[in-house]
Amino acid sequence: MAKLIQAIRGMHDILPQDSPVWQLLESDFRDLAHQYGYAEIRMPLVEKTELFVRTIGEITDIVEKEMYTFEDLNGDQLTLRPEGTAGCVRACIEHGLIHNQVQRLWYCGPMFRHERPQKGRYRQFFQLGAEAYGMAGPDIDAELILMTARLWKELGIQGLQLQLNSLGSLEARARYRDILVEYMTAHIEQLDADSQRRLHSNPLRILDSKNPAMQALISEAPQLSDSLDDESALHFADLLELLDKAGVAYTINPRLVRGLDYYEKTVFEWVSDRLGSQGTVCAGGRYDGLIQHLGGRPVPAAGFAMGMERLLSLMVEDGVQATALSPHIYLVIAGDGLASQGLALAESLRDWRSELRVMVSCSGGSFKSQMKRADKSHAALALILGEDEAQCGNIVVKFLRREKPQETISQTALTDYLENIDEIQRKLS
Ligand code: HAM
């Protein structure tokens, strides 16, 4: 027997029994985005590699080690998108969506990072994201945070903690970088190999290190907040005031620097302590300089993205359930040569009520096995089209979920009959 081909490590099938809860999260997010006036954008899964290198930054984990990059048949260097912001900005510039106008957008879809798979960390994972363009004030930062807070409430997810920081302007960050490099260089013997490598390429990321041996050094390090430019400091203070007034609790985390280079001013993460080391369920911030950096005119921007798998695991742990849609009616075709009449009958029922879910027992089998399948489908009732019924234009109605004698009725009277069946009407309303 041929060897079975399995899915790629870190890339998962979402099975039929799991898809209802995925659909629930997607539809809740879609409704939320629409509540706040965000319109959907769908970007390609593949972009030119250069887009991600220029956007996320050359010396970042994502670009250095995690991208699925390949050369296509034309010899172009392409990459499976590791995140959504880069493609969204590219699309906005390309289609003039942010030229002299405000734009609020959302997206949903798979992202790809060649990370070491573990619980909450996958090589294909799904993000729900929102990006807002053309608004420079802290009010839009607050709106994005309020949106996410509302989603947690609607989904019933408890215990998420909001962490905030300001990275300042690019210039302020460059100044801070020099101060930090000086400090870290003075303690170079305490830096682990990864941090030594980052010392000159991306020293702010040293602050993000989880290595316990470096925590004392990091906590003594000069703080970015002491180097903030006045404008960023004011922006941050205004944001905090907006959040206080809106009743959103937060913690300021001076070590929150984020792993992507495009951020400036506000950055934030929603973190859970129930997910082990992969506790960040949502992350974002401002990236006012990115559009110009990619060749567009300067446009202020901010956004976030959340990892669906991480949110879903919290939802499932909290007992959120979503059940698969079962058919209302299961049509059993008990006789040879009755397929076309059966299919036509099912079509006429779907014409009658578009919300009605009718499953037809295709490709026959014995009457007994068809009735077993009808029962397994969880339908409320079975319609049985046998040879006698077909000849007389009748149909047998059998209730699958309650005791009631089966009835034979005329096919032309079927919809009137169904109008008075509780199981159907309740589910349709
Ligand atoms: P990020 O922090 O790289 O930011 O990813 C956002 C979220 O995606 C994470 O907080 C996490 O929930 C989820 N995530 C990331 N990597 C994985 C993985 N390997 N497996 C499972 N989940 C993962 C961004 O992607 C930015 N584009 C966010 C943003 C939008 N900033 C502004 N606009």
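This text goes with the structure placed above it.
Along each chain, residues carry numbers from 1 onward, in the same order as the chain's sequence is written. Reporting of local features is limited, given that this is a predicted model, to residues whose pLDDT is at least 70; pairs of side-chain atoms are given and counted only at 80 or more, and all residues count toward the totals for whole chains, interfaces and linings. Calculation of side-chain values draws on the structure's entire complement of heavy atoms; hydrogens and water are dropped beforehand.

Each patch is built from residues that are more than 30% exposed by relative accessible area and take part in no salt bridge. Like charges join if they lie within 9 Å; nonpolar side chains (Val, Leu, Ile, Met, Phe, Trp, Tyr) join within 5 Å. In this description, accessible areas are obtained by the Shrake-Rupley approach with a 1.4 Å probe, and a residue is regarded as covered only by the protein chains that are shown. By convention in these notes, a salt bridge is any Lys or Arg side-chain nitrogen within 4 Å of a carboxyl oxygen on Asp or Glu. Taken together, the side chains of L45, V46 and F70 define a hydrophobic patch exposed on the protein surface, amounting to about 210 Å² of accessible area. Only protein chains enter the calculation, and the probe is 1.4 Å; a residue is then buried if its accessible area is under 20% of its type maximum, exposed if over 50%, and partly exposed in between. Residue classification places F70 among the partly exposed positions, given a relative accessible area of 34%.

Where helix α7 (residues 193-201) is concerned, the buried positions are S195, R198 and L199. All buried residues of α7 lie within an arc of 125° about the axis, which places them on one face of the element. When the buried face of α7 is taken as reference, the exposed residues oriented beyond 90 degrees from it are A193 and H200. A helix here means a DSSP run of H or I that spans at least four residues, while a strand means a run of E at least two residues long, and both kinds are numbered starting from the N terminus. Within this analysis, the arc is defined by the directions that extend from the helix axis to the C-beta atoms.

A few words now on the sheet that holds strand β6 (residues 124-133). The eight strands lie next to each other as β1-β5-β6-β11-β10-β9-β7-β8, forming an open sheet whose pairing is mixed. Each edge of the sheet is formed by a strand with only one pairing partner; in this case those strands are β1 (39-40) and β8 (251-252). At least two DSSP bridges between two strands are needed for those strands to be called paired. In the sheet, β1 pairs with strand β5 (residues 103-112) via two bridges, with the strands oriented parallel. Bridging from a neighbouring strand, E40 pairs with W106 of β5. Sheet contacts for helix α5 (residues 138-155): β5, β6, β7 (161-166), β9 (266-271), β10 (280-286) and β11 (301-307); angle to β11, the most-contacted strand, approximately 20°. Here, two residues are considered to be in contact whenever any of their heavy atoms come within 4.5 Å of each other. In this description, a line fitted to the C-alpha atoms serves as the axis of each element, helices being fitted only across the stretch in contact, and the angle between N-to-C directions of two axes falls anywhere from 0 to 180 degrees.

Right, let's get into the site of the ligand. To be near a molecule or strand, a residue needs just one of its heavy atoms within 4 Å of it. Around the ligand sit 25 residues in total, of which E83, R113, E115, E131 and Y263 are the nearest. One nitrogen or oxygen atom from the side chain of Q127 is found 3.0 Å from an oxygen atom belonging to the ligand. The protein chains hide 96% of the 660 Å² of surface that the ligand would expose on its own. Listing elements by their share of the shell around the ligand, those giving two or more residues are β6, β10 and β11. Per-element tally for the shell around the ligand: the top contributor is β10, with five residues. Gly is put with the polar residues, along with every residue not named as nonpolar or charged; the nonpolar set is Ala, Val, Leu, Ile, Met, Phe, Trp, Tyr, Cys and Pro, and the charged set is Asp, Glu, Lys and Arg. Its residues placed into classes, the shell around the ligand shows eleven nonpolar, seven polar and seven charged. Think of a polar contact as two N or O atoms within 3.5 Å of one another; within protein, one of them needs to be a possible hydrogen donor and the other a possible acceptor, and neighboring residues in sequence only count if both atoms come from side chains.

A large share of β7 lies buried, amounting to five of its six residues. Bridging between β7 and β9 involves six bridges; their strand directions are antiparallel. Bridging from a neighbouring strand, S166 pairs with T266 of β9. Of the strand pairs in this sheet, β7 and β8 are connected by two bridges, and their pairing is parallel. If you follow L164 over to β8, its bridge partner there is I252.

With that settled, consider the environment of L80. In this fold, L80 is placed in strand β4 (residues 77-80). Along the primary structure L80 and Y68 are separated by twelve residues, whereas in three dimensions their C-alpha atoms are 5.5 Å apart.

Disulfide: a pair of cysteine sulfur atoms within 2.5 Å of each other. What the rule picks out here adds up to zero disulfides. No disulfide involves C88; its sulfur sits 4.5 Å from the nearest other cysteine sulfur, which is in C92. Taking relative accessible area as the criterion, C88 reaches 0% and is therefore assigned buried. You can call C92 buried: its relative accessible area is 1%.

All right, on to unusual backbone geometry then. A positive phi angle, close to 55°, is found at N100, a residue other than glycine. Structurally, N100 can be placed in the loop between α4 (85-94) and β5. The exposure class of N100 is exposed, given its relative accessible area of 74%. If you check the backbone angles, K265 has positive phi at about 55° while not being a glycine. Among the secondary structure elements, K265 is positioned in the loop between β8 and β9.

The N-to-C vectors of helix α1 (residues 19-35) and α5 enclose an angle of 140°; their axes lie 10 Å apart at closest approach. Classed by the angle they form, the pair α1 and α5 counts as oblique. The two elements α1 and α5 cross, and the hand of that crossing is right-handed. Taken together, the residues of α5 that come into contact with α1 (itself represented by L25, D28, F29, L32, A33 and Q35) are M147, R150, L151, E154 and L155. Per-class residue counts for the contact of α1 with α5 are seven nonpolar, one polar and three charged. Should an angle lie under 35 degrees it is considered roughly parallel, over 145 roughly antiparallel, and from 65 to 115 roughly perpendicular; all remaining angles are considered oblique. Crossings are classed by handedness, with left-handed meaning an anticlockwise turn of the near helix from the far one by less than a right angle and right-handed meaning a clockwise turn.

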